[in-house]
Amino acid sequence: MRKRSIKKAPVSSGLAILAGSLTFMGPAQAVSLVSEDFEGAVNVFGAGTYNYSQNYTFPNEFSPAGGVKYMKGGAGVTGQVSTNTFSLAPLSLLTGGITAGQIDGGQVSYSLYSQFSSYRTQGDYAMLSVQFLDGSSSPIGSALTLGGDAFTSALGSGNNGSYADARYWGEDSLAGLVPNGARFADVKIFEVKTAGGTAIDGYLDNVNIAVSMVPEPASIGMIAFGSGLLALARRRR
């Protein structure tokens, strides 16, 4: 399930509310694998940051909102397309009480979320990648990605008082079931610039990666059954 927004402010979604309700009523809370807002003196990706007050973009009005800082891509090669990669050590999925049997039984879901922007219309971008690995650290399927070239190119731009073509922020998310056999998540951020300029100006903020138990069918059935009884009781009053 992918949910994307490239507007300057978040839009409520009935689907998101429903998904949140199911997660809340399930037998386990979400387990955070990565939660990075780039506000500290250092961050888990070891990346550099800009301040929102430098006005390279529009304000980040999504939720969670942009704080003081956001991630930048670092230095590239002047006059050349350049890529910098920021990697984490593989993250174990067997955490917070989640077991291998639950993953292999299709009972564990993942959720990915991040916010993206860029410097004016320069064409630089950031992409968050999550690759599931088996117990031998071999890839399972293709990597899941958020952001990227097409997403960033679709972001709106306008006059923010400093630049006539400043970029808005956009949010991207993805959710689904953790694949059978997965034991680790390999998380990377790719920062890419066009041939213009020297700095890689793909911007990223509020990275959140989590796993959680999927409510068992019996639990969902009991919830539906209870809702039906409540509705019936109301009709009889």
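Structure first, text after, so check above.
One structure accompanies this document, and this report is about it. Nothing here was measured: the structure is a model prediction, and the numbers come from that model. For every chain, the first residue of the written sequence is number 1, and numbering continues from 1 along that sequence. For a predicted model such as this one, the threshold for reporting local features is a pLDDT of at least 70, and the threshold for listing and counting side-chain atom pairs is 80 or more; totals across whole chains, interfaces and linings nevertheless cover every residue. Values shown for side chains rest on all heavy atoms present in the structure; no hydrogens or waters enter the calculation.

Points about the environment of Arg120
Turning to step 1, where the next piece is worked out: Every helix listed is a DSSP run of H or I at least four residues long, and every strand listed is a run of E at least two residues long, numbered separately from the N terminus. Relative to the helices and strands, Arg120 is located in the loop between strand 7 (108-118) and strand 8 (125-133).
Turning to step 2, where the next piece is worked out: Counting along the chain gives 64 residues from Arg120 to Tyr56, while the straight-line C-alpha distance between them is 7.5 Å.
Turning to step 3, where the next piece is worked out: By the convention used here, residues are in contact when the closest approach between their heavy atoms is within 4.5 Å. Leaving out residues up to four positions away in the same chain, Arg120 has contacts with Tyr163, Asp165 and Arg167.
Turning to step 4, where the next piece is worked out: In terms of polar contacts, Arg120 uses its side chain to reach the side chain of Tyr119, at 3.5 Å.
Turning to step 5, where the next piece is worked out: A polar atom in the side chain of Arg120 sits 2.7 Å from the side chain of Asp165. Between N or O atoms, a polar contact is any pair within 3.5 Å; within protein, one atom must be a potential hydrogen donor and the other a potential acceptor, and residues adjacent in sequence are included only when both atoms are from side chains.

Some points on the side chain of Asn43
Turning to step 1, where the next piece is worked out: Mapped onto the elements of the fold, Asn43 is located in the loop between strand 2 (31-36) and strand 3 (49-51).
Turning to step 2, where the next piece is worked out: Within polar-contact distance, the side chain of Asn43 engages the backbone oxygen of Ala47 at 2.8 Å.

Considerations on the pattern of salt bridges
Turning to step 1, where the next piece is worked out: Every case where a carboxyl oxygen of Asp or Glu lies within 4 Å of a side-chain nitrogen of Lys or Arg is listed as a salt bridge. Under the definition given, this model contains 3 salt bridges.
Turning to step 2, where the next piece is worked out: Two residues, Asp104 and Arg183, come together in a salt bridge whose shortest N-O distance is 2.8 Å. Here the residue Asp104 occupies a position in helix 2 (residues 100-104), and Arg183 occupies one in the loop between strand 12 (170-177) and strand 13 (184-193), the gap between them amounting to 79 residues.
Turning to step 3, where the next piece is worked out: Judged by its relative accessible area of 16%, Arg183 falls in the buried class. We call a residue buried when its accessible area falls under 20% of the maximum for its residue type, exposed when it is over 50%, and partly exposed in between, using a 1.4 Å probe and counting protein chains only.

Let's talk about the nonpolar core
Nonpolar side chains tend toward joint burial in soluble globular proteins.
Turning to step 1, where the next piece is worked out: Here the nonpolar core consists of buried residues drawn from Ala, Val, Leu, Ile, Met, Phe, Trp, Tyr and Cys, with membership extended through side-chain atoms lying within 4.5 Å. Grouped together as the largest cluster of nonpolar side chains are 36 residues, with contacts concentrated most on Phe45, Leu93, Val178 and Val211.
Turning to step 2, where the next piece is worked out: Looking at this core, the elements that each hand over two or more residues are strand 2, strand 7, strand 8, strand 9 (144-147), strand 13 and strand 14 (202-213).
Turning to step 3, where the next piece is worked out: Of all the elements, strand 14 adds the most residues to this core, at 5 residues.
Turning to step 4, where the next piece is worked out: Among all residues touching Val211, those that are not within four sequence positions of it are Gln29, Ala30, Val31, Leu33, Leu93, Ile98, Val108, Ser109, Tyr110 and Val178.
Turning to step 5, where the next piece is worked out: One finds Tyr113, Tyr119, Tyr163 and Tyr168 within the second-largest nonpolar core, a separate group that totals 12 residues.

Brief notes about the packing of aromatic side chains
Turning to step 1, where the next piece is worked out: Working definition: a ring pair exists when centres of Phe, Tyr or Trp rings (six-membered ring for Trp) sit within 6.5 Å. Plane angles under 30 degrees give stacked, over 60 give edge-to-face, the rest tilted. Summed over all chains, the structure comprises 14 aromatic pairs.
Turning to step 2, where the next piece is worked out: When the ring of Tyr50 is compared with that of Tyr70, the centres are 6.2 Å apart and the planes differ by 70 degrees; the resulting orientation is edge-to-face. Residue Tyr50 is located in strand 3, and its partner Tyr70 is located in strand 4 (residues 69-71); the two are separated by 20 residues in the primary sequence.
Turning to step 3, where the next piece is worked out: With relative accessibility at 0%, the residue Tyr70 sits in the buried group.
Turning to step 4, where the next piece is worked out: Relative to Tyr168, the ring of Phe58 has its centre 4.1 Å away and its plane inclined at 20 degrees; by these criteria the two rings are stacked. Here Tyr168 lies in the loop between strand 11 (166-167) and strand 12 and Phe58 lies in the loop between strand 3 and strand 4, a separation of 110 residues in the sequence. Like Tyr168, Phe58 is buried.
Turning to step 5, where the next piece is worked out: Chaining the aromatic ring pairs together yields one cluster made of Tyr50, Tyr52, Tyr56, Tyr70, Tyr119, Tyr163, Trp169 and Tyr203.

Function-wise, these values are silent; they only describe arrangement.
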